[in-house]
Amino acid sequence: MTTPEPIRVLLADDQTLVRAAFAMLVESARDMEVVGQAGNGLEAVEGARAARADVVVMDIRMPEMDGIEATRRIAADDDLAGVRILVLTTYDDDEHVVAALRAGASGFLVKDTRPAELLDAIRTVAAGDSLLSPGPTARLIARVLRLPDRPPVSAAPATGRLSCLSEREREVLTLVARGLNNTEAGEALGLSPLTAKTHVSRIMGKLGARDRAQLVIAAYESGLVAPGTEQ
């Protein structure tokens, strides 16, 4: 039986000690290897190209170029289409996290997360999934949309960006925005998990979304799901 290739991880953080600690943790996992480190966003973009990383663990606040712009550049580069980005943040970074998810990050973790959770998160995004546990990302976006300087969400979700979706697809998108996985969404709508997954894939294609995180943002910003209904 062929041994699978280890997950290639690039670490981007402007604090040398933080990078060193994360590097030791990643290297302790048999299915991962550190292929590069970056001290700012520009180095992260260059490192992702040079090292052919599978996952970039990205800090948001870095000098020269922040993690949001670095995420945007990596996500927009067709040559880096397979690179997934896991954002590290602090509890007071809500609006920045939403910006990073919109830019193309596949998920986020707070910096004081347990070591095993970080390794599991890397595995999750490396497999092509978003790090969206039921509810947290939706609640985060809802909090940001409640901020006083945010424009109000649309009152007509069937128009504009979501007009390309069928009624069923809007139903599926609503459940995704509330944190349900494919199996749970399928059960709620009387569909098989495979059918629900197919709907999600079609929605992503129609909306040009990189992953489920961007679907959640689209649902809230369009008004399909309103802040306060994310349970």
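Residues numbered from 1 in each chain as written. Predicted model: local features only at pLDDT ≥ 70, side-chain atom pairs only at ≥ 80, totals over all residues. Heavy atoms only, no water.

**Remarks on the nonpolar core**
Here is the rule we go by: The nonpolar core is taken to be a set of buried Ala, Val, Leu, Ile, Met, Phe, Trp, Tyr and Cys residues, with the residues joined through side-chain atoms within 4.5 Å. Burial status follows relative accessibility: with a 1.4 Å probe on protein chains alone, a residue under 20% of its type maximum counts as buried, one over 50% as exposed, and anything between as partly exposed. Think of it this way: any DSSP run of H or I at least four residues long counts as a helix, any run of E at least two long counts as a strand, and we number them from the N terminus. Residues count as neighbours in contact if any of their non-hydrogen atoms are within 4.5 Å of one another.
Grouped together as the largest cluster of nonpolar side chains are 29 residues, with contacts concentrated most on Ala12, Val56, Met58, Ile74, Ile85, Val87 and Leu101. Tallying contributions element by element places helix H4 (residues 94-103) first for this core, with 6 residues. With sequence-adjacent residues up to four places away left out, Ala12 is seen in contact with Ala38, Ala44, Val56, Val57, Met58, Asp59 and Met62. Listed in part, the 21 residues of the second largest apolar core include Leu11, Leu25, Met32 and Ala121.

**Comments concerning the packing of helix H7 (residues 167-177) against helix H8 (residues 182-189)**
What counts is decided by this rule: For helices, the fitted axis covers only the stretch in contact; all axes are lines through C-alpha atoms, and the angles between them, taken along N-to-C directions, range from 0 to 180 degrees. Throughout this description, any angle smaller than 35 degrees is read as roughly parallel, any larger than 145 degrees as roughly antiparallel, any in the 65 to 115 degree range as roughly perpendicular, and the remainder as oblique. Left-handed is the label given to a crossing in which the near helix is rotated counterclockwise from the far helix by less than a right angle, and right-handed is the label when the rotation is clockwise. Following the grouping adopted for this structure description, the nonpolar residues are Ala, Val, Leu, Ile, Met, Phe, Trp, Tyr, Cys and Pro, the charged ones are Asp, Glu, Lys and Arg, and the polar ones are all others, Gly among them.
Across the interface, H7 lies against H8 with an axial gap of 10 Å and an inter-helix angle of 130 degrees. Between H7 and H8, the angle is such that the two are oblique. Crossing geometry of H7 relative to H8 is assigned as right-handed. Where H7 approaches H8, its residues Arg168, Glu171, Val172 and Leu175 are matched on the opposing element by Ala185, Ala188 and Leu189. Split by residue class, the contact of H7 with H8 holds 5 nonpolar, no polar and 2 charged.

**Section: the UniProt feature "modified residue: 4-aspartylphosphate" (unreviewed entry) in the protein**
For clarity, the threshold we go by: UniProt positions are given in the numbering used here, feature names are shortened, and annotations may be inferred rather than shown by experiment.
The feature "modified residue: 4-aspartylphosphate" (unreviewed entry), as annotated in UniProt, sits at Asp59 in this numbering. Relative to the elements of secondary structure, Asp59 occurs in strand E3 (residues 55-59). Asp59 has contacts with Ala12, Asp13, Asp14, Gly67, Leu88 and Lys111, leaving out every residue within four places of it along the chain.

**Some details on unusual backbone geometry**
Residues other than glycine seldom take positive phi values, yet Arg52 does so here, at roughly 55 degrees. When you line up the elements, Arg52 lands in the loop between helix H2 (41-51) and E3. Using a relative accessible area of 46% as the deciding quantity, one classes Arg52 as partly exposed. Within the chain, Glu64 stands out as a residue other than glycine whose phi angle is a positive 65 degrees. Along the polypeptide, Glu64 turns up in the loop between E3 and helix H3 (67-76).

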